[in-house]
Amino acid sequence: MNMRAAKNPPPDLDYKYYGFTDADLEREFTIDIANPQGIFREKRVWKLGELLTTLREKYCKTIGLERAHIIDETETNWLVNKMEVKDPSEVTNEDRRFFFDSLQWTSVFEEFLYVKYTTTKRFSGSGSDSFLPCLKIVINKAVDLGAEKVIIGMPHRGRINVMADILHKKVKEILAGFEGTVPRYDQQAWGNSGDVKYHLGCMYDYTAPDGRKIQIQLMPNPSHLESIDPVTEGRVRAEQDLIGDTQRKKVVGILIHGDAAFSGQGNVYESLQFSALQGYKCGGIVHIVVNNQIGFTTMPRDSRPSLYCTEIAKSVGAPIFHVNGEDPDSVIKASKACAEFRDKFSKDVVVDLVGYRLYGHNEMEQPAFTQPLMYKRIHSMKRLYDKILDRYTAEGIVKKEEALAKAEAIKKDLEENFVAAKSLTFSWKEWKPKVSNREPWPVKNKDTSLTKDQVYELADKINHIPSDFAAHPLVRKVYEQRLKTIKDGKGIDWATGEALAWGALLKEGHNIRISGQDVQRGTFSHRHSYLHSQTKDEVYIPLMNIAPKQGTYSACNSALSELGVLGFEIGYAYADPNNLVLWEGQFGDFANGGQPMIDGYIAAAETKWGVQSGIVLLLPHGYDGQGAEHSSARLERYLQLADDDPYVTKPPGQLNRFTNWQVVNCTKPANYFHALRRQLKRDYRKPLIVMSPKRLLRLREVLPFPTVGCVNHRRIHRHQAL
């Protein structure tokens with residue numbers, strides 16, 4: 001399975017390491033342990049040679065398991081029994097035929113693309129052909145266990161096959177992407193944008209045998225490897241929250257990785273740690289590592305210090321199945337086990353699917369330039385489909401004549417789609433990747449203002465602290481002062497304007513989620529949205545006590561991460577345009593750590609994929625001391641990314657709609673109040689970048705809050721690219 005492992009087997013796997021000799025192989029030993037598991041449940045007395053043979057059969061062939069790092073005994077016992085106790089229903093001939101059908105389709109499709117588009121980049125999955133059957137088995141098992149929605153995040157390799165076979169995207173439309181007949185996304189408004197065919201996302205709905213409506217989503221992603229991980233997890237968590245799936249069983253996330261990226265990209269760990277964090281966990285993610293044993297042109301010995309590419313998963317106690325992708329039975333067993341483990345223990349689980357890469361990094365490269373010996377061996381190998389066809393024919397699992405006839409039928413269908421793709425005409429709206437069933441609530445009145453009575457009523461609710469709650473005296477004083485400034489109509493500060501905006505949206509039924517470092521309190525001790533009892537472990541949240549049927553307010557103090565956490569919130573924001581999702585940098589320049597997410601998913605998502613998002617970035621900004629890294633939020637960077645060309649005239653009245661985002665530098669709490677409410681008070685969504693103040697949070701010169709009933713969204717000055 002792994003050349004490095006085969007050359008250097010651990011010495012403690014040799015029985016002679018423990019002082020035994022060949023003469024001991026026939027000696028009998030009684031295994032007397034409490035709560036025996038696996039093979040010791042069935043048999044207590046073993047000859048040493050018999051025991052070695054049995055363990056090698058279970059662990060040293062085409063499937064292996066890493067579990068020693070897992071602390072929970074219940075989990076390890078379950079894994080031991082799964083590996084060691086033979087279950088006739090574990091791998092059936094029906095499973096093998098399903099595997100073969102999927103393998104046949106992906107192999108014929110890959111060969112077809114190779115013949116028709118030899119010099120076109122498509123990032124083939126050939127060489128790791130069992131990946132598609134593995135993914136389908138995981139999905140089917142998850143659905144059998146009760147899942148109703150499966151959300152997939154994956155890189156470019158093998159993506160076209162997934163779109164065609166699992167997401168059921170029309171083949172002629174996929175081939176039209178190769179032919180160049182697919183129009184760019186709303187080109188009249190956006191110009192020459194769009195994205196390559198192996199970055200697009202889509203959605204597929206079908207009815208399960210028991211009548212349940214099942215949905216599979218493939219998230220769109222940019223070229224940044226592993227950047228899709230937290231975005232997918234955020235989307236999974238949001239979908240669970242939207243349907244009240246507190247057990248996290250109905251919406252399941254699956255992440256596909258390459259071996260080099262899984263061990264090399266820091267975002268992998270940032271995403272893995274979400275698995276146990278209260279505000280981010282989504283009941284476990286199934287990770288499938290498509291292990292080609294190479295990264296671009298770099299061999300494993302040069303790209304990681306560890307034997308396996310999956311070492312990082314041990315940090316969160318995830319079991320790791322290592323599987324030879326050339327053995328269908330092992331792939332079937334591991335795929336089912338992963339889905340079952342995730343469902344039973346609500347934890348991440350990994351299958352390391354070891355294969356190879358038939359071509360170069362892309363099909364236009366010559367891999368023998370850098371790996372001549374490796375590719376000499378690869379090109380001498382028989383394709384997996386041909387090997388399994390011969391094996392299953394000999395074992396009577398499939399009939400060769402029927403299999404060959406089906407392969408010809410697939411080829412014929414692909415040829416017909418190939419012809420149709422050359423003259424296919426359709427609009428960008430038909431090609432637009434669908435990533436959500438939800439649309440913004442219809443808004444007749446886009447006014448963001450409130451009447452005085454509404455403000456006063458809201459002020460009483462959001463500033464009320466129960467008398468029997470032991471709030472910190474200074475925090476209680478802050479809330480009393482906030483209520484006074486609202487009633488007096490002057491001196492309203494930034495945090496009060498924010499709370500009023502959020503409170504109004506919550507009362508209207510919208511959900512609000514803010515995430516980042518110290519967001520409950522606020523970096524500058526200005527927000528205090530979660531109140532901590534000074535006498536016991538208890539929290540009171542005024543924004544959750546406004547009205548009986550209000551929306552949910554959630555402020556999540558995040559892990560010390562920008563890239564992963566920002567990606568998570570982007571995914572969360574994609575799920576429902578009627579929620580307000582915010583990410584706050586502790587200081588504005590902390591967004592530097594999340595810049596790939598900002599470039600690939602926020603600034604460009606609508607132009608590339610037609611995906612709108614109303615996410616809000618709060619970036620404290622100002623040259624108020626505290627050093628260079630705590631001063632500028634890089635306002636110029638966001639203005640530059642706001643649009644392609646400032647000299648291209650936008651359609652009349654559509655300036656806001658046809659820019660990548662809106663950037664505001666609010667100088668008064670009233671501006672901020674209306675900017676936040678405007679995010680959900682229009683019939684489209686646009687990211688909002690806020691240059692949040694630091695010293696201005698409490699500066700008296702800017703505190704007056706104009707008569708609320710007289711201020712509407714038009715009073716906010718728009719900051720677009722100059």
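See the structure shown above.
The shown structure was predicted, so the numbers you read here are calculated from the model rather than taken from an experiment.

1. Some remarks on helix H16 (residues 384–394)
Phase 1 of the analysis: Along H16, the positions that sit buried rather than exposed are Leu384, Tyr385, Ile388, Leu389 and Tyr392. Projected down its long axis, H16 carries its buried residues within an arc of 130°, all on one side.
Phase 2 of the analysis: Residues of H16 that are buried in the fold lie against helix H5 (93–116), helix H14 (328–345) and helix H17 (400–422).
Phase 3 of the analysis: Just downstream of H16 lies glycine 396, where phi reads positive at about 75°.

2. A closer look at unusual backbone geometry
Phase 1 of the analysis: Unusually for a residue other than glycine, phenylalanine 296 sits at a positive phi of about 60°.
Phase 2 of the analysis: Mapped onto the fold, phenylalanine 296 is located in the loop between strand S8 (285–291) and helix H13 (300–303).
Phase 3 of the analysis: When its relative accessible area of 45% is taken as the criterion, phenylalanine 296 is described as partly exposed.
Phase 4 of the analysis: Here the phi dihedral of serine 525 falls at roughly 50°; this positive angle occurs in a residue that is not glycine.
Phase 5 of the analysis: Topologically, serine 525 is positioned in the loop between strand S11 (512–516) and strand S12 (531–532).

3. Describing the pattern of salt bridges
Phase 1 of the analysis: This model, assessed by the stated rule, comprises 38 salt bridges.
Phase 2 of the analysis: A salt bridge links lysine 43 to glutamate 50; the shortest N-O distance between them is 2.5 Å.
Phase 3 of the analysis: Taking the relative accessible area as the measure of exposure, lysine 43 reaches 30% and is therefore partly exposed.
Phase 4 of the analysis: What makes glutamate 50 partly exposed here is its relative accessible area of 32%.
Phase 5 of the analysis: The partner of glutamate 239 in a salt bridge is lysine 149, and the shortest N-O contact between them spans 3.0 Å. With glutamate 239 in helix H10 (residues 228–242) and lysine 149 in strand S4 (residues 149–153), this pair connects stretches of sequence that are 90 residues apart.
Phase 6 of the analysis: Owing to a relative accessible area of 14%, lysine 149 belongs among the buried residues under this scheme.
Phase 7 of the analysis: The structure contains a network of salt bridges with shared partners spanning Glu66, Glu311 and Lys314.

4. Looking at the nonpolar core
Phase 1 of the analysis: Residues Leu135, Ile254, Ile288 and Phe321 are the most contacted members of the largest nonpolar core, which totals 120 residues.
Phase 2 of the analysis: Per-element tally for this core: the top contributor is helix H22 (residues 563–575), with nine residues.
Phase 3 of the analysis: Beyond its immediate chain neighbours, meaning those up to four positions away, isoleucine 288 contacts Phe131, Cys134, Leu135, Val138, Ile254, Leu255, Ile256, His257 and Val351.
Phase 4 of the analysis: Core analysis: the next-biggest nonpolar cluster, separate from the first, contains 41 residues, Ala504, Cys666, Tyr672 and Val690 among them.

5. Here's the deal with the sheet that holds strand S17 (residues 662–664)
Phase 1 of the analysis: Taken together, six strands build an open sheet; the order of strands is S14-S11-S15-S16-S18-S17 and the sheet is parallel. Bordering the open sheet on either side are strand S14 (553–557) and S17, each of which pairs with just one other strand. Here the strands of the sheet are splayed against their neighbours by 15° on average, with no regard to which way each runs.
Phase 2 of the analysis: Strand direction decides the pairing type here: S17 and strand S18 (residues 688–692), joined by three bridges, are parallel. Counterpart to glutamine 662 in the pairing with S18 is leucine 688.
Phase 3 of the analysis: In this fold helix H21 (residues 494–507) packs onto S11, S14, strand S15 (580–584), strand S16 (616–620) and S18, with an angle of close to 140° to the strand it touches most, S11.

6. Here's the deal with the pairing of strand S9 (residues 320–324)
Phase 1 of the analysis: With four of five residues buried, S9 is to be regarded as a mostly interior element.
Phase 2 of the analysis: Looking at chain direction, strand S3 (residues 63–66) and S9 are connected through four bridges and run antiparallel. Residue pairing for S9: glutamate 66 is matched across the bridge by isoleucine 320.
Phase 3 of the analysis: In the sheet, S9 pairs with strand S10 (residues 349–354) via five bridges, with the strands oriented parallel. Note on S10: the bridge partner recorded for phenylalanine 321 is valine 351.
Phase 4 of the analysis: Taken together, S9, H14 and S10 constitute a β-α-β crossover, and its handedness is right-handed.

Quick notes on the rules
- All residue numbers refer to position in the chain's written sequence, counted from 1.
- Reporting in this predicted model follows two pLDDT cut-offs: at least 70 for local features of residues, and 80 or more for side-chain atom pairs to be given and counted; totals over whole chains, interfaces and linings ignore these cut-offs and use all residues.
- Values reported for side chains reflect all heavy atoms of the structure, with hydrogen atoms and water molecules removed beforehand.
- A simple rule labels every residue: compare its accessible area, found with a 1.4 Å probe on the protein chains alone, to the largest value its type can have, and call it buried under 20%, exposed over 50%, or partly exposed in between.
- By definition, any uninterrupted DSSP run of H or I lasting at least four residues is a helix, any uninterrupted run of E lasting at least two residues is a strand, and each is numbered from the N terminus.
- As used here, the arc belongs to the directions running from the helix axis to the C-beta atoms.
- Whether two residues are in contact is decided by their heavy atoms, any of which lying within 4.5 Å being enough.
- Every case where a carboxyl oxygen of Asp or Glu lies within 4 Å of a side-chain nitrogen of Lys or Arg is listed as a salt bridge.
- We define a nonpolar core as any set of buried Ala, Val, Leu, Ile, Met, Phe, Trp, Tyr and Cys residues linked to one another through side-chain atoms lying within 4.5 Å.
- When DSSP finds at least two bridges between two strands, those strands are taken to pair.
- Axes, fitted as lines to C-alpha atoms, cover a helix only where it is in contact. Angles between the N-to-C directions of the axes lie from 0 to 180 degrees.
- When the strands point away from the viewer, a crossover counts as right-handed if the route from the first strand across the helix to the second turns clockwise.

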